[in-house]
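# Analysis of the macromolecular model
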Amino acid sequence: MTGAIVGGSRLADEVARYGWYHTLDLGGGVVTRGMFDHRPAVGRYLIPSDLTGMRCLDVGTMDGFWAFEMERRGAAEVVALDIDDAEALDWPAAQRAKVVKTLDETKGERFALATKALGSSVRRELRSVYDIDTDLGQFDLVFCGDLFVHLKDPATAAERMRAVCRGSAVVANPVKRFWFAGRKPMAELDGIDEFQWWVTNSAGLQRLLLAAGFARVEVGREFELPATSGGPWKGRRGVVRGWVT
Ligand SMILES: C[S@@+](CC[C@H](N)C(=O)[O-])C[C@H]1O[C@@H](n2cnc3c(N)ncnc32)[C@H](O)[C@@H]1O
């Protein structure tokens, strides 16, 4: 049935007003047609299946898929961090005028609609990853998906995540294989026309977390993210999990 009423309108009609980044099952047969459907890959992300009682932070939440997933896994509190102002993203200067910002302009509305439809208690916090600080409190799990690739300075982002982490942090990101690298951490700066800054290998993600002060960092198996579309960001993902002790 698709008759659920949200804000006075049928949920399905509300959902159809937007282009979605995440495929979200909002219940009652309403599923958003996201640019990315993470559902078949959730088991690859090194996020514990049971988060009962934990305080979790989702950095760069977009439509909220990972925040809602952490809540579904039992988190006691989930804070979903994002920045609303499309102009405040780390666009390369040469890209600023020509990028299509539609998905960024309505992400707050989409997140609010999904929150209401799911009856979720996730709290959205408007703040850049660079401005994460201890006034947010400490988190048992900090998650950051597909954001480092869009940051000019992922090392500072990792440091800010470490500052509020009392358990572990998971970073997932598009990764690249460098045939000559072996196990060396590598990064390439070759995609800024597609708005990606540093594309690393998995060892590079691991190095970023170690440099940020995580005591040990597990490197997950790389995998292909199934994407209906996703432009240059579809494809191979790396995932690492760092612990503070
Ligand atoms: C490519 S989407 C990834 C969405 C989601 N984390 C995932 O893994 O599917 C990037 C998200 O990070 C947010 N973002 C970009 N720059 C940011 C920054 N400096 N601080 C916090 N969030 C940021 C964007 O607004 C967007 O919600």
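Everything discussed here concerns the structure shown above.
Residues numbered from 1 in each chain as written. Predicted model: local features only at pLDDT ≥ 70, side-chain atom pairs only at ≥ 80, totals over all residues. Heavy atoms only, no water.

## Let's talk about the site of the ligand
Neighbouring the ligand are 19 residues; His 22, Gly 60, Asp 82, Lys 107 and Val 129 lie closest to it. The contact in question runs from an oxygen atom of the ligand to an N or O atom on the side chain of Asp 82, over 2.5 Å. Notes on the ligand: free accessible area 600 Å², of which the protein chains cover 95%. Of the pockets mapped on this structure, the ligand occupies the largest pocket. (Near = heavy atom within 4 Å. Polar contact = N/O pair within 3.5 Å; in protein donor to acceptor, adjacent residues only side chain to side chain. Areas by Shrake-Rupley, 256 points an atom, 1.4 Å probe, with all protein chains shown as cover. 1 Å grid on protein atoms, 1.4 Å probe; cavity = no way out; pocket = protein on both sides within 12 Å on 5 of 7 lines; lining within 4 Å. Sits in = over half its atoms within 2 Å of the grid points.)

## Describing the environment of Glu 125
Tracing the sequence through the fold places Glu 125 in strand E7 (residues 123–126). Each C-alpha atom, one on Glu 125 and one on Val 79, is 6.6 Å from the other, the two residues being 46 residues apart in sequence. Look past the residues within four positions of Glu 125 in its chain and what remains in contact with it is Val 79, Ala 80, Leu 81, Asp 82 and Leu 136. Looking at Glu 125, its side chain comes within polar contact range of the side chain of Arg 127, at 3.1 Å. (Helix = DSSP H or I, 4+ residues; strand = E, 2+ residues; numbered from the N terminus. Contact = heavy atoms within 4.5 Å.)

## A few points about the layout of surface pockets
Of the voids in this model, the largest pocket is the one considered here, and its volume is about 870 Å³. For the largest pocket, the lining is made up of 43 residues, of which Met 62, Leu 89, Asp 104, His 150 and Phe 195 are closest to its centre. Among the secondary structure elements, those contributing two or more residues to the lining of the largest pocket are strand E3 (20–22), strand E4 (34–36), strand E6 (77–82), helix H3 (102–105) and strand E8 (139–145). A total of three residues in the lining of the largest pocket trace back to one element, the largest contributor, which is H3. Here the lining of the largest pocket is built from residues that sort into 24 nonpolar, nine polar and ten charged. (Points joined across faces, edges and corners; volume = space filled by probe spheres on them. Nonpolar A, V, L, I, M, F, W, Y, C, P; charged D, E, K, R; others polar.)

## Description of the environment of Thr 115
The topology assignment puts Thr 115 in helix H4 (residues 107–118). Residue classification places Thr 115 among the buried residues on the basis of a relative accessible area of 14%. Thr 115 sits 25 residues away from Asp 140 along the chain, and the two C-alpha atoms are 22 Å apart. (Buried < 20%, exposed > 50% of the residue type's maximum accessible area, 1.4 Å probe, protein only.)

## What to know about a nonpolar patch on the surface
Among the surface-exposed residues, Leu 189, Ile 192 and Trp 198 lie close enough to one another that they form a single nonpolar patch of about 240 Å² accessible area. Inspection of the secondary structure assignment puts Trp 198 in the loop between strand E10 (187–188) and strand E11 (199–200). The partly exposed category is assigned to Trp 198, whose relative accessible area is 31%. (Patch = residues over 30% accessible without salt bridge, like charges linked within 9 Å, V, L, I, M, F, W, Y side chains within 5 Å. Salt bridge = Lys/Arg side-chain N within 4 Å of Asp/Glu carboxyl O.)

## Digging into unusual backbone geometry
If you check the backbone angles, Leu 46 has positive phi at about 60 degrees while not being a glycine. Examined against the element boundaries, Leu 46 turns out to sit in the loop between E4 and strand E5 (55–59).

## Here we look at the packing of aromatic side chains
Per the counting criterion, the structure on display carries eleven aromatic pairs. Measuring from centroid to centroid gives 5.0 Å for Trp 66 and Phe 143, while their planes differ by 40 degrees, and the two rings are tilted. A residue pair is termed long-range when its members are at least 10 positions apart, and Trp 66 in helix H2 (residues 65–72) and Phe 143 in strand E8 qualify at 77 residues. Residue classification places Phe 143 among the buried positions, given a relative accessible area of 0%. Through a chain of ring-to-ring contacts, the aromatic side chains of Tyr 45, Phe 65, Trp 66, Phe 143 and Phe 223 assemble into a single cluster. For Arg 162, the ring lying beneath its charged end belongs to Phe 214, and the centroid distance is 5.8 Å. The lysine or arginine in question, Arg 216, covers the ring of Trp 243, its NZ or CZ lying 4.4 Å from the ring centre. (Phe/Tyr/Trp six-rings, centres within 6.5 Å; stacked < 30°, edge-to-face > 60°. Lys NZ or Arg CZ within 6 Å of the ring centre and 35° of its normal.)

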